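# Coordinate inspection notes
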Amino acid sequence: MTQPNKNARRVALITGSGRGIGAATAKLAAARGFDVAVNYVRNADAAEQVADEIRAAGAKAIAICADTADPAQVGAMFERIDAELGPVSALVNNAGITGKAGRLERYGADEMRRVIDVNVLGVLLCSQQAARRMSTRHGGAGGTIVNVSSMAATLGGANTWIPYAAAKGAVNTLTVGMSRELAAEGIAVNAVLPGLVDTEIHAEAGVADRLKNMLPQIPIGRIGTADECAQVIVWLMADAPAYMTGGLLPVSGGR
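Procedures and definitions
- Residue positions are counted from 1 within each chain, in the order its sequence is given.
- Reporting in this predicted model follows two pLDDT cut-offs: at least 70 for local features of residues, and 80 or more for side-chain atom pairs to be given and counted; totals over whole chains, interfaces and linings ignore these cut-offs and use all residues.
- No hydrogens and no water enter the side-chain calculation; it runs on all heavy atoms of the structure.
- Secondary structure is summarised from DSSP: a helix means a run of H or I of at least four residues, a strand means a run of E of at least two, and numbering begins at the N terminus for each.
- The rule is simple: take the accessible area with a 1.4 Å probe, protein chains only, and divide by the maximum for that residue type; under 20% is buried, over 50% is exposed, in between is partly exposed.
- At least two bridges found by DSSP between two strands are what make those strands a pair.
- When the strands point away from the viewer and the path from the first strand over the helix to the second turns clockwise, the crossover is right-handed.
- Here is the rule: rings of Phe, Tyr and Trp (six-membered ring for Trp) pair when centre to centre is within 6.5 Å. Planes less than 30 degrees apart are stacked, more than 60 are edge-to-face, and the remainder are tilted.
- We count a charge as sitting over a ring when the NZ of a lysine or the CZ of an arginine lies within 6 Å of the ring centre and within 35 degrees of the ring normal.
- To obtain an axis, a line is fitted to C-alpha atoms, over the contacting stretch when the element is a helix, and the angle between two such axes runs from 0 to 180 degrees between their N-to-C directions.
- In this description, contact between two residues means that some pair of their heavy atoms is separated by no more than 4.5 Å.
- Angle categories: roughly parallel below 35 degrees, roughly antiparallel above 145, roughly perpendicular from 65 to 115, and oblique for all the rest.
- Each helix crossing is assigned a hand: it is left-handed if the near helix lies turned anticlockwise from the far helix by less than a right angle, otherwise right-handed if that turn is clockwise.
- For this classification, Asp, Glu, Lys and Arg are treated as charged, while Ala, Val, Leu, Ile, Met, Phe, Trp, Tyr, Cys and Pro are nonpolar and the rest, including Gly, are polar.

## Section: unusual backbone geometry
With a phi close to 70°, asparagine 159 is a non-glycine residue in the positive phi region. By the secondary structure assignment, asparagine 159 is in the loop between helix H5 (152-155) and helix H6 (162-182).

If you want it as structure tokens, here you go:
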């Protein structure tokens, strides 16, 4: 594969970036020198709005509908990015779902399978495509992969979303594995573990009051923001030392 022009802007794919942490990351990445592919599954209007804001700020952006758990859609998404923006040099695996909140015995097999597919298989499929383009082994110029995990991976998600917590635990493991596999090929792989952050994920899971109820458990004394998570993600994409790989960084207010 031909190496990209070193004077060209870097290209980032941020999955699930129509809102929340993904949207904040997409906009901040654009401000830090990236052209951005904004990935979404359902809400085209939200994704196009993020892309419009990026373009208005002077960067290139495209909004792409693709289910990251579907290998054919993932492959087509990367091919479109190749054609319209250039090879990806940074991948943020942000797309994720929790399923409806509740005890483990409430979950059906299909819902658990979908949680695993989006949160684990989606990361593997997107990382596979990115590595093929970034790796010096394949003629690439290197790059970065940042996986958005969750503090649920370490806390377990009891009484709320154990399948989600289990999936994010897998994300932590594959972050370490990929970092070791790709380190000598110019690719740094790290993960960010958000704690209680003010996004729509809680309301969608049916627990809109969860943040308020859990506030006393946060040592710093407040809920986190999507922008705070984005700052750490973009630092890993753009400014972290190349020697830093395999890291699992909590953004959790001390929880």
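From this point, the discussion proceeds with the structure in view.
## Some details on the pairing of strand E5 (residues 143-148)
Put simply, side chains in a regular strand alternate between the two faces of the sheet. For E5, the tally of buried residues reaches 6 of 6 residues, placing the bulk of the element in the interior. Going residue by residue along E5, you find Gly143, Ile145 and Asn147 tucked away on one face and Thr144, Val146 and Val148 tucked away on the opposite face as well. Relative to E5, strand E4 (residues 90-93) is paired through 4 bridges, and the arrangement is parallel. Note that in E5 the partner of alanine 90 across the bridge is threonine 144. Regarding topology, helix H4 (residues 109-134) serves as the crossover connection from E4 to the parallel E5, and that connection is right-handed. Bridging between E5 and strand E6 (residues 187-194) involves 6 bridges; their strand directions are parallel. Bridging across to E6, asparagine 147 finds its partner in alanine 191.

## As for the packing of aromatic side chains
A complete count under the given rule lists 1 aromatic pair for this structure. Their ring planes at 65° and their centres at 5.7 Å tell us that tryptophan 161 and tyrosine 164 sit as a pair that is edge-to-face. Assigned by exposure class, tryptophan 161 and tyrosine 164 land together as buried. Directly above the ring of phenylalanine 34 sits arginine 10, whose terminal nitrogen or CZ lies 4.3 Å from the centroid. Between arginine 106 and the ring centre of tyrosine 107, over which it is positioned, the NZ or CZ distance is 4.3 Å.

## A closer look at the sheet that holds strand E2 (residues 34-40)
Taken together, the 7 strands give an open sheet; going across it, the order is E3-E2-E1-E4-E5-E6-E7, and neighbouring strands pair in parallel fashion. Of all strands in the sheet, those with a lone pairing partner are strand E3 (61-65) and strand E7 (248-251), marking the two edges. Ignoring which end each strand starts from, the neighbouring axes of this sheet average 20° apart. For E2 and E3, the ladder comprises 5 bridges, and the chain directions are parallel. If you follow asparagine 39 over to E3, its bridge partner there is isoleucine 64. Sitting on the sheet, H4 touches E4, E5 and E6, and the angle it makes with E4 is about 175°.

## Description of the packing of helix H1 (residues 20-31) against helix H9 (residues 226-238)
Packing of H1 against H9 brings their axes to within 8 Å, and their N-to-C directions diverge by 50°. The orientation of H1 relative to H9 falls into the category oblique. Between H1 and H9 lies a crossing of right-handed hand. In contact with Gly20, Ile21, Ala24, Thr25, Leu28 and Ala29 of H1, H9 contributes Ala226, Asp227, Cys229, Ala230, Gln231, Ile233, Val234 and Met237. Here the residues of the contact of H1 with H9 sort into 10 nonpolar, 3 polar and 1 charged.

## Concerning the environment of glycine 246
Here glycine 246 shows up in the loop between H9 and E7. Glycine 246 sits in the partly exposed class, given a relative accessible area of 21%. C-alpha of glycine 246 to C-alpha of asparagine 119: the two residues are 127 residues apart in sequence and 18 Å apart in space. Look past the residues within four positions of glycine 246 in its chain and what remains in contact with it is Val176, Ser179, Val189 and Asn190.

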